[in-house]
Amino acid sequence: MKDKDKEILIPIIFFTDKTHTDNHSRLCLEPVEFTLAIFNRETRNSPKAWRTIGYVNDICYKGKVETRIKMDNYNRIMDVILDSYKKC
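Read on for an overview of the structure. In this convention, every chain numbers its residues from 1, walking through the sequence in written order. The predicted nature of this model means local features are confined to residues of pLDDT at least 70 and side-chain atom pairs, given and counted, to a pLDDT of 80 or more, with totals for whole chains, interfaces and linings taken over all residues. Neither water nor hydrogens contribute to the side-chain values; these are computed over all heavy atoms in the structure.

Secondary structure elements are taken from DSSP: a helix is a run of H or I of four residues or more, a strand is a run of E of two residues or more, and numbering for both begins at the N terminus. Scanning the protein chain from N- to C-terminus turns up two helices and four strands. Mapped from its N terminus to its C terminus, the protein chain presents α and β elements in the order β-β-β-α-β-α. In this description the radius of gyration comes from C-alpha coordinates, and the expected globular size is given by 2.2 Å times residues to the power 0.38. Computed over the C-alpha atoms, the radius of gyration of the protein chain is 17 Å, more than 25% above the 12 Å expected from 2.2 N^0.38 for a compact globule of 88 residues. Its C-alpha atoms give the protein chain principal-axis dimensions of about 55 × 30 × 15 Å. Summary of the burial criterion: residues with accessible area below 20% of their type's maximum are buried, those above 50% are exposed, and those between are partly exposed, where the area comes from a 1.4 Å probe applied to protein chains only. When the 88 residues of the protein chain are sorted by exposure, 14% land in the buried category.

What follows is the structure in C-alpha cells.
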C-alpha cells in the first residue's frame, strides 16, 4: 500500500529545438530532451541536467504535401519517442 503522505509530484520539462547538420541547412535533426522541474534554474541551465530521449529526423517528401499530413507524421514520431514516458 502506498503512503500518500510520502508521494510528491515531480514536474518534467520537455524541450525541442531543430538543429542543422550540414553547411547548406538542408539536413536537420530535432532532439527531444527533458529535465526535472525540481532543479533550480542554475542547475536546469546546465547541459548536465538534460537528457535526450529521442530524435525527430527530417522526413523527405517528394512533391507537394499537405501541412496536415506533415503534422500527422511529426505527431506519430513524437508518439513513439514519448511512449515510454506515457507508460510511466
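As a further point, take the environment of Leu36. Along the chain, Leu36 turns up in strand β3 (residues 28-36). Residue classification places Leu36 among the partly exposed positions, given a relative accessible area of 25%.

Turning our eyes to something else, we now look at the nonpolar core. We define the nonpolar core as a collection of buried residues of types Ala, Val, Leu, Ile, Met, Phe, Trp, Tyr and Cys that are connected through side-chain atoms lying within 4.5 Å of one another. Residues Val32, Val56, Ile77, Met78 and Ile81 constitute the largest nonpolar core, which totals five residues. Ranked by residues supplied to this core, first place goes to helix α2 (residues 67-87) with three residues. The contact definition used throughout considers only heavy atoms, calling two residues in contact when any of these lie within 4.5 Å. With sequence-adjacent residues up to four places away left out, Ile81 is seen in contact with Val32, Ile53, Gly54, Tyr55 and Val56.

Further remarks concern the pattern of salt bridges. Salt bridge criterion: a side-chain nitrogen from Lys or Arg within 4 Å of a carboxyl oxygen from Asp or Glu. Throughout the structure, instances matching the rule amount to four salt bridges. A salt bridge links Lys86 to Asp79; the nearest nitrogen and oxygen atoms lie 3.6 Å apart. The salt bridge partner of Asp83 is Lys87, with a shortest N-O separation of 3.2 Å. Of this pair, Asp83 and Lys87 both sit in helix α2, four residues apart, which is roughly one turn of that helix.

This brings us to the packing of aromatic side chains. Classification of ring pairs rests on two measures: the distance between centres of Phe, Tyr or Trp rings, Trp counted by its six-membered ring, which must be within 6.5 Å, and the angle between planes, read as stacked under 30 degrees, edge-to-face over 60 and tilted in between. Per the stated rule, a full pass over the model turns up three aromatic pairs. With centroids separated by 6.3 Å and ring planes inclined at 45°, the aromatic side chains of Phe14 and Phe34 adopt a geometry described as tilted. Of this pair, Phe14 sits in strand β1 (residues 12-16) while Phe34 sits in strand β3, placing them 20 residues apart in sequence. Here Phe14 falls in the partly exposed class, since its relative accessible area comes to 33%. Note on Phe34: relative accessible area 23%, which makes it partly exposed. Geometrically, the ring pair formed by Phe15 and Trp50 is edge-to-face, given 6.1 Å between the ring centres and 65° between the ring planes. Of this pair, Phe15 sits in strand β1 while Trp50 sits in the loop between α1 (41-44) and β4 (51-57), placing them 35 residues apart in sequence. For Phe15, a relative accessible area of 42% puts it in the partly exposed group. Ring pairs connect the aromatic residues Phe14, Phe34 and Tyr85, which therefore count as one cluster.

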